[in-house]
Structures are given as C-alpha cells and as structure tokens.
Amino acid sequence: MTTALSAAAPTSVSARSLAPDLARGFMLLAIALAHAPVFVSDPAHGPAALNTAAQFVKSLFTDNQARAMFVFLFGYGLGQLAQRQHARGSDWISLRTLLRRRSLWLTVIGFAHAAFMPMDIIGVYGLTLLALTPLVRARDSTLWWTSALTLLPATLLISWQGMVAREAAAAGRPFMLADTMAETFGAHLADGIASWPIETPIATVVVVPGMLLGIWAARRRILDEPERHLPLLRRVTALFLGVSVLGRLPAALLATGAWTTTSHPSPGRSPPRTPSPDTRAASAWQPPSAWSRPGSDATADGSPSPSRRWDSGR
C-alpha cells in the first residue's frame, strides 16, 4: 500500500463510526423531503399560504442541498474501506479487486433500478468508482487537483439543469415525474434501457469532486474522530451552510413568487403558454444530479434525471 493509504491514524479503524451514519441519515431525510412532491400529479392542494411556505422552506433547505454531502459520504466510505483493508494487511491489488467488484455490482443494480424506476443514482456511483478506482490510493494533491478540475463542469451541469427546469415551469410545463412516465410498462422498460448508457456516464462528473474530498477526509478520520477536528468542522459547517442557504435564496424567492423576473414570471401571475419546440426539446433531457419539481430546480442529492428517467432534482 502507498503512503497515502497509511496516512490516517490506525486507532479504531475497524470500529463503526457514529458521525458518518448520522450524516447519511439526515441527508436521506433531506432527499425524501425534496423528492416527495415530484411523485404527485398536482402538488397545489391545500391552503395557498401553507403551500407557499412549504415551497419556500423546501426550496431553501432541501432542493439540491443533500447532493454534495451524500457524494462526500460516498467517498468517505471508500476511504474508510481502504483504511480497514490496509489495517488487515491487504495489498493494493486485493483492495482494487474489491473496489471494482463493488463498483460493478453498483452499476448492475443501478441499471436494473433504472429499468424499473424512472430514476437512478446507484449506477452513477458505480460507474464513477469503476472509472476512478486508482484514485483511492492517489496522493492528496492528486485528489485535490482532480476535484478542483471537475468542480466547474459539475456545477455547470447542475446549473444548466436548473435553468431548463425553470424555463419549462415558466412555459407552463413544470416538471413532474408522473408526466414523464411512459404509458405502458414495456415502453418504460424500452426507454430506460435505451437512455441509461448515455445518461449515466454524463452524470458521473457530478460525483467526482465530492467523492475525492471524502476520500481525503477519511484518511484523516475527520468524521470518525470528530472531537479531534471540532474547530475545522465548525468552520466548514458555518461557511458552507451559509453559502448554501444564500445561494439558494434567489431560487426560493422565485419559486414562491416573492421575486419575479421577465424570464421567470411568478407562479400563478401569468397564464400558462404552450412551450415552443425548442423548449420541449431542451426539457426532454434532464441532466443527472438534479431532479426538479414544479417551479423549483433540482432536489437534494444528485440522482440522475435525463429524459423520462431522471427526475429533476437527488
């Protein structure tokens, strides 16, 4: 094994850590809250004021908010696995074989999942790990540089998806998962199987930055031994939560109609219009890592969503 794999302290390497599990639980809750409205045909039931308040809170705190942390935890788990294997005396070839076997199973499960359900993120994680297995033992500098270089295309892909979703909503055709489902199960299978090989590889770019930073953090056991890293964790939490909420505030205001622009009229303030062929063509492909819902852009954790299968906002 290389020096990079042995950088973390060997203390309690085999013990189950509570902090990563708690983080995963909270992210799954955010994902559930972000995705729930996408599975109904009309989310506008109930008192208008309550709907608006729920829309604002959801857009500000859950839409597109869990993705980064969930991907980070995926990488963190890979780093933990590498450290455990190293502590048991396994060499790199054994670890590489284990990682590739797991990545292949994730990819197979993701393909099957996408064939039966109109969404998938499992296959995206599997393909990313399969392609980037060597980086699990890469130097810290390589992890940071690769993460930095892929951050821009990942951000642009997510942002583009959000813009497409907003344009569709402004055109009177907000994205709803129920509307994208094929009418028959056979047609859905054919659509999912045909589009998965195209959509899934494109989605992997969104996973790379957070995954590699998670591997780096696992080497230092930042979540395994949080008491040793409290100043860092507090600074990172305050900084990124602040940036995240401020960055989502315009989208939340737009989603509730508190702020309007000429390109994004307030919900309910302009009559729906029939989208142009260009708008329909643009909204036919919903990029990975963001499943949008009516009036909002992507949801929480980054699950893929092009075409019928990738609901716009995991």
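Residues numbered from 1 in each chain as written. Predicted model: local features only at pLDDT ≥ 70, side-chain atom pairs only at ≥ 80, totals over all residues. Heavy atoms only, no water.

**Some words on helix α2 (residues 48-61)**
An ideal rise of 1.5 Å per residue puts 20 Å on 14 residues; α2 measures up with 20 Å between its terminal C-alpha atoms. The set of residues buried in α2 consists of Q55, K58, S59 and L60. Residues of α2 that are buried in the fold lie against α1 (18-35) and α9 (230-256). (Helix = DSSP H or I, 4+ residues; strand = E, 2+ residues; numbered from the N terminus. Expected span 1.5 Å × (residues − 1). Buried < 20%, exposed > 50% of the residue type's maximum accessible area, 1.4 Å probe, protein only. Contact = heavy atoms within 4.5 Å.)

**Observations regarding the nonpolar core**
The biggest cluster of nonpolar side chains holds 38 residues, and the ones touching the most others in it are F74, L78, Y125, L143, V207, M211 and L212. Setting aside chain neighbours within four positions, we find M211 in contact with V71, F74, G75, L78, T128 and L132. (Core = buried A, V, L, I, M, F, W, Y, C linked by side-chain atoms within 4.5 Å.)

**Remarks on a nonpolar patch on the surface**
A grouping of L18, L22, F26, L29 and L33 is seen on the molecular surface, where their side chains present a nonpolar patch of about 540 Å² in accessible area. For L18, the location among the structural elements is in helix α1. Given a relative accessible area of 60%, L18 falls into the exposed group. (Patch = residues over 30% accessible without salt bridge, like charges linked within 9 Å, V, L, I, M, F, W, Y side chains within 5 Å. Areas by Shrake-Rupley, 256 points an atom, 1.4 Å probe, with all protein chains shown as cover. Salt bridge = Lys/Arg side-chain N within 4 Å of Asp/Glu carboxyl O.)

**Overview of the packing of helix α5 (residues 122-132) against helix α8 (residues 185-219)**
At a minimum axis distance of 8 Å, the contact between α5 and α8 shows a crossing angle of 70°. By the angle between their axes, α5 is roughly perpendicular relative to α8. Our pair here, α5 against α8, has a crossing hand that is right-handed. Together, G123, V124, Y125, L127, T128 and L132 of α5 and W196, T200, P201, A203, T204, V207, V208 and M211 of α8 make up the contact between the two elements. Partitioning the contact of α5 with α8 into residue classes produces 10 nonpolar, four polar and no charged. (Axes fitted to C-alpha atoms, helices over the stretch in contact; angles between N-to-C directions. Parallel < 35°, antiparallel > 145°, perpendicular 65-115°, else oblique. Left-handed = near helix turned anticlockwise from the far one by under 90°. Nonpolar A, V, L, I, M, F, W, Y, C, P; charged D, E, K, R; others polar.)

**Digging into the pattern of salt bridges**
Enumeration according to the criterion identifies seven salt bridges in this entry. Notably, a salt bridge pairs D63 with K58, separated by 2.4 Å at the nearest N-O pair. In this structure, D63 and K58 share a single accessibility class: buried. Measuring nitrogen to oxygen at the nearest pair gives 4.0 Å for the salt bridge that ties R248 to D63. Of the two residues, R248 is situated in helix α9 and D63 in the loop between α2 and α3 (67-87); the sequence distance between them amounts to 185 residues. You'll find R248 and D63 in the same group, each marked buried. Each of K58, D63 and R248 takes part in salt bridges that share partners, so that together they form one network.

**Details of the packing of aromatic side chains**
Summed over all chains, the structure comprises four aromatic pairs. Seen in terms of ring centroids, W144 and W216 are 5.3 Å apart; in terms of plane orientation they differ by 75°. Their pairing is edge-to-face. Of this pair, W144 sits in helix α6 (residues 140-170) while W216 is found in helix α8, placing the two residues 72 residues apart along the sequence. (Phe/Tyr/Trp six-rings, centres within 6.5 Å; stacked < 30°, edge-to-face > 60°.)

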